[in-house]
Amino acid sequence: MKTIDEMNEFDRGIILLHRQSVSEDTPQAILGKVKQIRDAIANEKPGTEDPFEKEFTLECYDETIRKLSDLSVENYQKWLSQNENLEGFEL
């Protein structure tokens, strides 16, 4: 249960944003997608974006990856039932 208790609005936003783009609604499937997006963000060429904002985004993704890695399907379903009606944010 500790992982669920650690979840915050950034985790919720990232999970809800990416859970719709996976074929299986499980923590492991979402984890794979979140890692893929995190790597894409990290490998973006420097541009007009704020480097501090990019670093913050990467830190949020790293935390979500850590939490998803430890989340069981049962705890994910419990967390989802409490959060799925909330909207995720757009990155």
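Residues numbered from 1 in each chain as written. Predicted model: local features only at pLDDT ≥ 70, side-chain atom pairs only at ≥ 80, totals over all residues. Heavy atoms only, no water.

Participant: Outline helix H4 (residues 51-69), listing residues and values.
Facilitator: For H4, spanning 19 residues, the distance from its first C-alpha to its last is 27 Å, which sits close to the expected 27 Å at 1.5 Å a residue. Backbone nitrogen of phenylalanine 52 and a side-chain oxygen of the N-cap are separated by 3.0 Å at the start of H4; the cap is aspartate 50. (Helix = DSSP H or I, 4+ residues; strand = E, 2+ residues; numbered from the N terminus. Expected span 1.5 Å × (residues − 1). Polar contact = N/O pair within 3.5 Å; in protein donor to acceptor, adjacent residues only side chain to side chain.)

Participant: Go over the pattern of salt bridges, please, and point to the residues and values.
Facilitator: Applying the stated rule across the entire model yields 5 salt bridges. For aspartate 11, the salt bridge identified is with lysine 67, shortest N-O distance 2.7 Å. Taken together, the residues span a long stretch of sequence, with aspartate 11 in helix H2 (residues 9-18) and lysine 67 in helix H4 at a distance of 56 residues. A salt bridge links glutamate 63 to arginine 66, with the shortest nitrogen-to-oxygen separation between them at 3.0 Å. Remark: arginine 66 and glutamate 63 occur in helix H4; sequence separation between them is 3 residues, near one turn of the helix. By relative accessible area, which is 36% here, arginine 66 ends up partly exposed. Residues participating in the shared-partner salt-bridge network are Glu6, Glu63 and Arg66. (Salt bridge = Lys/Arg side-chain N within 4 Å of Asp/Glu carboxyl O. Buried < 20%, exposed > 50% of the residue type's maximum accessible area, 1.4 Å probe, protein only.)

Participant: Lay out the nonpolar core with the relevant residues and their values.
Facilitator: In this structure, Ile15, Ile30, Val34, Leu68, Leu71, Tyr76 and Trp79 are the most contacted members of the largest nonpolar core, which totals 19 residues. Elements supplying a minimum of two residues to this core: H2, helix H3 (27-42), H4 and helix H5 (73-83). (Core = buried A, V, L, I, M, F, W, Y, C linked by side-chain atoms within 4.5 Å.)

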